[in-house]
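Observations on the three-dimensional arrangement
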Amino acid sequence: MAWREHVDVAIVGAGILGLATARALVLERPDLSVAVFDKEDGIARHQTGNNSGVIHAGVYYKPGSLKARLTLTGRAELVELCREHGVRYDLCGKVIVATRPDELPRLEALEGRATANGVAVERLDAAGLRELEPHAAGVAALHVPSTGIVDFPAVCGVLARAVTEKGQELHLGTPVTGLVEEAHSVVVEAGDEYLRAGVVVNCAGLQSDLVANLAPTSHTDVRVMPFRGEYYKLKAHRRDLVRNLIYPVPDPAFPFLGVHFTRMIGGGVEAGPNAVPALAREGYSWRQVHGRELGEVLRARSSWVLLRKYWRTELGELYRSASKAAFVKALQRLVPDVQAEDLVRGGAGVRAQAIAPDGTLLDDFAIVETARMVHVVNAPSPAATASLAIGRHIAGLVTAHL
Ligand SMILES: Cc1cc2nc3c(=O)[nH]c(=O)nc-3n(C[C@H](O)[C@H](O)[C@H](O)COP(=O)(O)OP(=O)(O)OC[C@H]3O[C@@H](n4cnc5c(N)ncnc54)[C@H](O)[C@@H]3O)c2cc1C
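Conventions adopted
Residues numbered from 1 in each chain as written. Predicted model: local features only at pLDDT ≥ 70, side-chain atom pairs only at ≥ 80, totals over all residues. Heavy atoms only, no water. Helix = DSSP H or I, 4+ residues; strand = E, 2+ residues; numbered from the N terminus. Rg over C-alpha atoms; globule rule 2.2 N^0.38 Å. Buried < 20%, exposed > 50% of the residue type's maximum accessible area, 1.4 Å probe, protein only. Contact = heavy atoms within 4.5 Å. Areas by Shrake-Rupley, 256 points an atom, 1.4 Å probe, with all protein chains shown as cover. Lys, Arg positive; Asp, Glu negative; His and termini not counted. Charge placed at Lys NZ, Arg CZ, Asp CG, Glu CD. Expected span 1.5 Å × (residues − 1). Pairing = 2+ DSSP bridges. Salt bridge = Lys/Arg side-chain N within 4 Å of Asp/Glu carboxyl O.

Points about the overall build of the protein
What the protein contains, in helices and strands, is ten helices and 21 strands. Taking 21 Å as the expected radius of gyration for a compact globule of 402 residues, we find that the protein reaches 21 Å, a close match to that expectation. The C-alpha extent of the protein, read off along each of the three principal axes, is 65 × 50 × 40 Å. Across the 402 residues of the protein, 55% fall into the buried class. Residue pairs at least 24 apart in sequence account for 75% of intrachain contacts in the protein once pairs closer than 6 positions are excluded. For the protein, the accessible surface area stands at approximately 16,600 Å², while carbon and sulfur atoms represent 54% of it. Each charge sign in the protein was given a centre, from 44 positive and 45 negative side chains, and these centres are 5 Å apart.

A word on helix α1 (residues 16–28)
A rise of 1.5 Å per residue sets the reference length of α1, with its 13 residues, at 18 Å; its end C-alpha atoms lie 18 Å apart and thus fit the reference within 8%. Among the 13 residues of α1, ten are classified as buried, and the element is accordingly described as predominantly covered. Those residues of α1 that sit buried are Ile-16, Leu-17, Gly-18, Leu-19, Ala-20, Thr-21, Ala-22, Ala-24, Leu-25 and Val-26.

Here's the deal with the sheet that holds strand β4 (residues 54–55)
Across the sheet, three strands lie side by side as β4-β9-β5; this open sheet has antiparallel pairing. With one partner strand each, in any of the chains shown, β4 and β5 (89–90) form the two edges of the open sheet.

Section: the pattern of salt bridges
Within this structure, the stated rule accounts for 20 salt bridges. Close ionic contact of Arg-392 with Glu-77 constitutes a salt bridge, the shortest N to O distance being 2.4 Å. Of this pair, Arg-392 sits in helix α10 (residues 387–401) while Glu-77 sits in helix α2 (residues 66–85), and the two are 315 residues apart along the sequence. A relative accessible area of 23% means that Glu-77 is categorised as partly exposed. As a salt-bridge pair, Asp-151 and Arg-88 come within 3.4 Å of each other at their nearest N and O atoms. Of this pair, Asp-151 sits in the loop between β9 (148–150) and α5 (152–164) while Arg-88 is found in the loop between α2 and β5, placing the two residues 63 residues apart along the sequence. The class of Arg-88 is partly exposed, set by a relative accessible area of 46%. Salt bridges here are not isolated pairs; linked through shared partners, they connect Arg-100, Asp-102, Glu-103 and Arg-333.

Written as structure tokens, this is what we have:
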């Protein structure tokens, strides 16, 4: 194995967080050398490239949490970057629909949370909802005008260019397979080379716990649980059922938002995603099974604690994954006119959701530091929306270590 030149900062992962961190470093510390490594042959090949493309407004998150703070600032920076670089986006707004009276207290709680986070929302009655979304049915709704849609892979293209145009390095097809933390640097094994980095940043998404565990100094008991989100697409002649984005009131005990309708920036309307346990970290269908990864999940006590807690919800999710009729039924609660024949199977994305040893799903973004490393161990939705703020936050942590 050959040795490459020393870099000040090595970043693992060219998803939106790795690239946003690299760009923030390039802008704030042009004196530093930065190298980004991704195991795939292109950027944004995992969560970032397979998500719903929504610019979240900041309604759902606990006031004062990293999620709430970084989403609000990151959202504004994202819109600014799109404007500046001609990336397609549309602040089209969304509605969160209470379909039954027993959902009203939760809708009210969401309204309170949005207000506490400084997000403007408007309460709608059934008639007000129909004015915005003529095919949606509900007893009441929240209108969130600042929600939008965007082309996240195109955002990543802008970030990657900002990094490489300044002469910094982006190495694709180069997996990071070893990390040894020493007193003043980290030895990184990347592809078929070694290099020494002043600081390593781990933005490896679905693999982030495994990357942290490459170095004994940053061993973590937090595990990534892969939750696949499967989508259907509305057939072209039925797209008029949905003007923009229609969401249900989420189950507050479950960290996912429930199947919804999303108009995509590239055209078309997607329905989903559900949330089923994937049988591989990069398991985009039931056929993709990874024996070792699955074995690890089944052996971990935390998986069983999680199952005990969510078995009812997960049974419903599994049923909706196996049965199109069940998926359609969930969608019909929001838009009664939608029928099975209006939908065709779409793609899927896999969420990296961190789980603590006691079986708790980590809610907030989580970053763990050692003397020379910064590991992003939990960055689920809306981390793409918040990415520019997260990148600046991480860049601040990195420079403090140098
Ligand atoms: C179905 C779904 C819908 C979502 N919808 C939204 C939404 O509408 N709005 C929103 O804001 N957020 C959404 N999210 C969340 C958002 O997509 C993620 O929070 C965000 O993309 C995380 O970015 P990342 O860079 O951390 O991870 P990723 O995009 O997964 O990037 C990680 C990268 O690390 C690389 N990597 C892994 N291991 C190694 C290694 N050993 N060596 C080198 N490279 C490695 C991978 O190849 C990958 O490119 C959604 C997520 C999913 C899955």
